[in-house]
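Chain and residue survey
Each chain is listed here by its residues.
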Amino acid sequence: LIVYTFCAEVLVKILANGLAPWNYLVGLDWKWNLFDFAIAILSFNEVTTFLFGDTGGSIMVLRLFRLARLFKLFAKVPKLRAIIMGMVAGLRAVVYITLLVFLNFYIFAIGGILFFRSNDPFHFATVPVALLTLFRASTLEDWSDIMYIAYFGCDRFTGGIYFQQSDFDGEPPTPFFSSWDEVPVKFRCTSPSAQPYLSVAFWVIFVTCSAFIMLSLFIGAVTIAMSAELQQAKLREEKRKQKAYLQQRAEEFKRSKAPSRSGRSVRLNSSLDGSQTGEVPSRDSLEHVHMDLKLRGLIFDAWQSSGMLEHPEKLLSESHREQAFVDVTEYRLGAYSRFAAMCRSTAEHQWFSAFITCCILLAGVVVGLSAQFDDTDVDHNPQSDSNLRALGSVLWYSDVAITWVFTVEMVLKILAGDTEPQQYFRSKWNLFDFAIVVCSWIPYFTSTED
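Looking at the overall build of the protein chain
In terms of helices and strands, the protein chain carries 17 helices and 0 strands. The proportion of buried residues among the 450 residues of the protein chain is 26%. In the protein chain, of all internal contacts separated by at least 6 residues, the share reaching a separation of at least 24 is 61%. Roughly 31400 Å² of accessible area belongs to the protein chain as shown, and the carbon and sulfur atoms make up 64% of that amount.

With respect to the state of the cysteines
The full count for this structure, using the stated rule, is 1 disulfide. Across a sulfur-sulfur distance of 1.9 Å, Cys 154 and Cys 189 are joined as a disulfide pair. On the S-S bond that ties Cys 154 to Cys 189, the torsion sits near 75°, and the link is right-handed. Separated by 35 residues along the polypeptide, Cys 154 in the loop between helix H9 (143-152) and helix H10 (196-257) and Cys 189 in the loop between H9 and H10 bring together distant segments of the chain. For the pair Cys 154 and Cys 189, a shared accessibility class is recorded, and that class is buried.

Brief notes about the pattern of salt bridges
For the structure shown, the criterion picks out 1 salt bridge. For Glu 409, the salt bridge goes to Lys 413, with nearest N and O atoms at 3.3 Å. With Glu 409 and Lys 413 both in helix H16 (residues 386-415), this residue pair falls 4 residues apart, about one helical turn. When its relative accessible area of 13% is taken as the criterion, Glu 409 is described as buried.

Description of the packing of helix H14 (residues 350-372) against H16
Contact geometry of H14 with H16 gives a least axis separation of 10 Å together with a crossing angle of 145°. The hand of the H14/H16 crossing is left-handed. Residues Phe 352, Phe 355, Ile 356, Cys 359, Ile 360, Leu 362, Ala 363, Val 366, Leu 369 and Ser 370 of H14 form the contact with H16, whose own contacting residues are Leu 395, Ser 398, Asp 399, Ile 402, Val 405, Phe 406, Glu 409 and Leu 412. Partitioned by chemical class, the residues of the contact of H14 with H16 number 14 nonpolar, 2 polar and 2 charged.

What about unusual backbone geometry?
Residues other than glycine seldom take positive phi values, yet Leu 140 does so here, at roughly 65°. Tracing the backbone through its elements, the reader meets Leu 140 in the loop between helix H8 (127-138) and H9. One non-glycine residue, Asp 142, adopts positive backbone phi at about 55°.

Topic: the confidence of the model for the protein chain
Averaged over all residues, the pLDDT of the protein chain is 75; the fraction at 70 or higher stands at 70%. Note on residues 375-383: pLDDT is under 50 here. Beyond four places in sequence and across chains, it has 11 contacts.

Notes on the packing of aromatic side chains
Under the defined criterion, the tally for this structure stands at 22 aromatic pairs. Seen from their ring centres, Trp 203 and Phe 206 are 6.1 Å apart, and the 85° between their planes marks the pair as edge-to-face. Taken as a pair, Trp 203 and Phe 206 lie in helix H10 at a separation of 3 residues, close to a single helical turn. Just as Trp 203 is buried, Phe 206 falls in that class too. Put simply, the rings of Phe 105, Phe 108, Phe 115, Phe 116, Phe 124, Phe 202, Trp 203 and Phe 206 pair up and form one aromatic cluster.

What about the nonpolar core?
Judged by nonpolar contacts, the single largest core of 26 residues is most densely connected at Ile 113, Phe 116, Phe 124, Leu 134, Phe 202, Trp 203 and Phe 206. For this core, the elements supplying multiple residues, two or more each, are helix H7 (78-116), H8, H9 and H10. Counting residues per element, this core draws most heavily on H7, which supplies 10 residues. Excluding anything up to four places from it in sequence, Phe 206 contacts Asn 104, Phe 105, Phe 108, Leu 134, Ala 137, Ser 138 and Ala 211.

Quick notes on the rules
Residues numbered from 1 in each chain as written. Predicted model: local features only at pLDDT ≥ 70, side-chain atom pairs only at ≥ 80, totals over all residues. Heavy atoms only, no water. Helix = DSSP H or I, 4+ residues; strand = E, 2+ residues; numbered from the N terminus. Buried < 20%, exposed > 50% of the residue type's maximum accessible area, 1.4 Å probe, protein only. Contact = heavy atoms within 4.5 Å. Areas by Shrake-Rupley, 256 points an atom, 1.4 Å probe, with all protein chains shown as cover. Disulfide = S-S within 2.5 Å. Salt bridge = Lys/Arg side-chain N within 4 Å of Asp/Glu carboxyl O. Axes fitted to C-alpha atoms, helices over the stretch in contact; angles between N-to-C directions. Left-handed = near helix turned anticlockwise from the far one by under 90°. Nonpolar A, V, L, I, M, F, W, Y, C, P; charged D, E, K, R; others polar. pLDDT = per-residue confidence, 0-100. Phe/Tyr/Trp six-rings, centres within 6.5 Å; stacked < 30°, edge-to-face > 60°. Core = buried A, V, L, I, M, F, W, Y, C linked by side-chain atoms within 4.5 Å.

Put into structure tokens, the structure is as follows:
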């Protein structure tokens, strides 16, 4: 009975569109209509058997879709519907926050591999493993145990994970491994090192950023989107009420235009603004009133949209400045100024900015691969594979090329200042880029060859 009731509802809504029944699936409420249509169709045993086969799984899917009828409340309750739409809008904004969270995880994963892998290979063996470890820590699930392994060293605080060769001199410490040779590499504590200060700073900063700040960003994005959706729902409701009121007044106006049987003009109960009026005016007067109302509406819309009517002198001043402005570059130092202008146009070009963005992403990949396949394993291990050696060379040359690209970008921005190159250092982001470039060149000048 309930299934046929929902099917009847769908059929009535389709027939309500008259000669355009497709509006049921393409109209304003097409998402909720499509959801209702799917719920109604998939509630039949024949449909689920045809789609999922005559197995127990089809019965489970059928029960699931019957339970999904409860979600129809979202379409029936306007406030609940607005909240759901706000959550969906918030999830769209969460995409950019997710990118920020991933960038945060990736940076800390590389740092964890560089700082703690020798002492804690179980949690920081590779980049994916390090990311999973950080995700676990961001949920506040035993993150202190991971910190204590780096704080005391894997020999003093095993965390229930690590074993040393001396543990197998007598009775095996665990029933899973009878000898040291059976212990996997990731469970072996071969290079213990205590890093109390670094581990505390690393984990406190990471947990604070990921578990508290990033979570606040998620909540803020969803809350703002939900508030905006509720405000839009309120505006739509007000427009609906205003439209209904205007339609009602239009019907009263049409009835008032018809002359009474006695030949006398019909008096209006109230005008458009609610005040009492006299006899119905002539057609010319009505057209004059209609044009007056239309002109007032146009003026009101212009006033609300641009706000320029409040300060009309701005229009004159802006047009005056546009006429007085002449886009001609003044070359004070001749050829050098021309070269500076060329550097400025290159640095501000959209294709150059896109190229720098690609280089930034490539630099992140190179650093991640370099941390996972570090030079010590490639160069000093006699059993290292030739492919790893080739990969190490490719990563090294790629890092050098990317460093040169960032250096060229910095030089172009400095030269773009023409006679005032110090303008480059007035921006905090430029200072950050300058520090990154300088620090990137230091290892190449300080490294020594054996």
